[in-house]
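For reference, the chains in residue letters:
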Amino acid sequence: MSLILNGKDLAEKIKKELKKEVEGYISKGLRKPALAVILVGEDPASKVYVKRKKEACEYVGINSLSFNLPESITEIELIELIGKLNGDEDVDGILVQLPLPSHINTQNIIESINPDKDVDGFHPLNMGKLATGMSSGIIPCTPLGIWIMLKHYKIELFKKDVVVVGASNIVGKPMSLLFLKNEEATVTVCHRNTKDLKSQTTKADILIVAVGKPNLITEDMVKDDAVVVDVGINRLENGRLVGDVDFEALKNKVSAITPVPGGVGPMTVVSLLINTLTIYRKKHGFSVHPLTEI
Ligand code: NAD
């Protein structure tokens, strides 16, 4: 039986610690940390994600400020709002829920966020800091959550082969950069044009899959003692939520595996809280948040 990497329980434990941390700031007479959450349009999945993020903020004592904007908002209007929030001393982090409607250029929006308030870590400056190994940058939430989970479960990285399937800017790429930071593991990144995916994944001591295709990774594509992290979120026709990995076939084969749901998802949300507090701590002269020390 594989070890189940239980992101849900770990996220709950970390949230309790963060709640105490925030109580500590308030007892020192500091203001509450604040996160501005911008949602454009009516995408049902985005609404659910935003709701979860706001609930998590409330639980730990972070003030979440909601900006629910109509689908018809223009790029300029959105940039104006972000500009106001950039200048608001009482706002620590700014989150723009993706995806945005197609008439809005996502990259322009990401670049309009003050890098010091870029709680998702998608701004080119923060991505650049991650790429060059600078520790003060904010780390994108999903890779940070996975990193914290691997550390919590004491997954050894030194001289291991890590294979990341998926090379998006929000998961695959920053995840690979994080693994490279300390030059412990050797990282291979696969994507839609990888010639022979199986020949890569079967090499992995640690396999991270972030594609968005149910059952992309089958039992024959994974080594017996691998650690498997499934980032994918796919809603099947019968309503069931599954990842990219054949969990049922692998759960008795590999050494450790994340479930979907209850694996990476809750760790992503908790990392958003950590990033908000990282920004807040910097503003108030505290040291780097211990959970982001890589
Ligand atoms: P994306 O669509 O931006 O990128 C997908 C990547 O997969 C691309 O690099 C693409 O080249 C690669 N790919 C596509 N088909 C492939 C194939 N057959 N073989 C190998 N690689 C292939 O997606 P994303 O935003 O990175 O999200 C990926 C998945 O992770 C989605 O299911 C998304 O919902 C999920 N996700 C989950 C969380 C979480 O917190 N659990 C967070 C972010 C994304």
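Above this text sits the structure in question.
All of these numbers come straight from a predicted model, not from anything done at the bench.

**Q** Just checking my understanding: could you explain the overall build of the protein for this structure?
**A** Helices and strands together make up the secondary structure of the protein, namely 10 helices and 11 strands. Scaling as 2.2 N^0.38, a compact globule of 294 residues should have a C-alpha radius of gyration of about 19 Å, and the protein matches this with 19 Å. With the principal axes as the frame, the protein shows a C-alpha extent of 50 × 45 × 35 Å. Looking at the protein alone, contacts between residues at least 24 apart form 71% of all its contacts between residues at least 6 apart. Carbon and sulfur atoms make up 52% of the accessible area of the protein, which totals about 13800 Å².

**Q** What am I meant to see in the sheet that holds strand S4 (residues 93-96) here?
**A** The strands that make up a sheet are held in pairs by hydrogen bonds between backbone atoms, and each pair lies either parallel or antiparallel. A sheet is described by the order of its strands in space; here 3 strands give the open sequence S3-S2-S4, paired in parallel fashion. Where the open sheet ends on each side, the last strands, each with one partner, are strand S3 (63-69) and S4. The sheet shows a mean angle of 15° between the axes of neighbouring strands, direction not considered. The pairing of strand S2 (residues 34-40) with S4 spans 4 bridges and is classified as parallel. Paired with Val37 across the bridge in S4 is Leu95. Sheet contacts for helix H3 (residues 75-86): S2, S3 and S4; angle to S2, the most-contacted strand, approximately 175°.

**Q** What's the story with the packing of helix H1 (residues 7-27) against helix H10 (residues 264-283) in this structure? I'm lost.
**A** Two quantities define a packed helix pair, namely the angle between the axes and the distance from one axis to the other. At a minimum axis separation of 9 Å, H1 and H10 run at an interaxial angle of 20°. With respect to their mutual orientation, H1 and H10 come out roughly parallel. Relative to H10, the crossing made by H1 is left-handed. Two secondary-structure elements touch here, H1 through Gly7, Lys8, Leu10, Ala11, Ile14, Lys15, Leu18, Glu21, Val22 and Tyr25 and H10 through Pro266, Met267, Val270, Leu273, Ile274, Leu277, Tyr280 and Arg281. Per-class residue counts for the contact of H1 with H10 are 13 nonpolar, 1 polar and 4 charged.

**Q** Mind showing me how you'd approach the pattern of salt bridges here?
**A** Two side chains of opposite charge can pair, provided their charged atoms sit close to one another. Taken as a whole and judged by the stated rule, the model has 13 salt bridges. Asp92 is the partner of Lys283 in a salt bridge, and the nearest nitrogen-oxygen pair spans 3.1 Å. On the criterion of sequence distance, the pair formed by Lys283 in helix H10 and Asp92 in the loop between H3 and S4 is long-range, its members being 191 residues apart. For the salt bridge of Glu248 with Lys251, the shortest nitrogen-to-oxygen distance reads 2.6 Å. One continuous salt-bridge network, built from bridges that share partners, spans Arg31, Asp90, Asp92 and Lys283.

**Q** I tried to follow the packing of aromatic side chains on my own but got confused; where do I start?
**A** Evaluated as defined, the whole model comprises 3 aromatic pairs. The interplanar angle of 40° and the centroid separation of 5.2 Å between the aromatic rings of Tyr25 and Phe286 together place this pair among those described as tilted. One end of the pair, Tyr25, is in helix H1; the other, Phe286, is in the segment after H10, with 261 residues separating them in the sequence. Tyr25 gets classed as buried once you look at its relative accessible area, which sits at 3%. What makes Phe286 partly exposed here is its relative accessible area of 27%.

Calculation notes
- Residues numbered from 1 in each chain as written.
- Predicted model: local features only at pLDDT ≥ 70, side-chain atom pairs only at ≥ 80, totals over all residues.
- Heavy atoms only, no water.
- Helix = DSSP H or I, 4+ residues; strand = E, 2+ residues; numbered from the N terminus.
- Rg over C-alpha atoms; globule rule 2.2 N^0.38 Å.
- Contact = heavy atoms within 4.5 Å.
- Areas by Shrake-Rupley, 256 points an atom, 1.4 Å probe, with all protein chains shown as cover.
- Pairing = 2+ DSSP bridges.
- Axes fitted to C-alpha atoms, helices over the stretch in contact; angles between N-to-C directions.
- Parallel < 35°, antiparallel > 145°, perpendicular 65-115°, else oblique.
- Left-handed = near helix turned anticlockwise from the far one by under 90°.
- Nonpolar A, V, L, I, M, F, W, Y, C, P; charged D, E, K, R; others polar.
- Salt bridge = Lys/Arg side-chain N within 4 Å of Asp/Glu carboxyl O.
- Phe/Tyr/Trp six-rings, centres within 6.5 Å; stacked < 30°, edge-to-face > 60°.
- Buried < 20%, exposed > 50% of the residue type's maximum accessible area, 1.4 Å probe, protein only.

Honestly, that's just the spatial picture; any functional story needs more than this.
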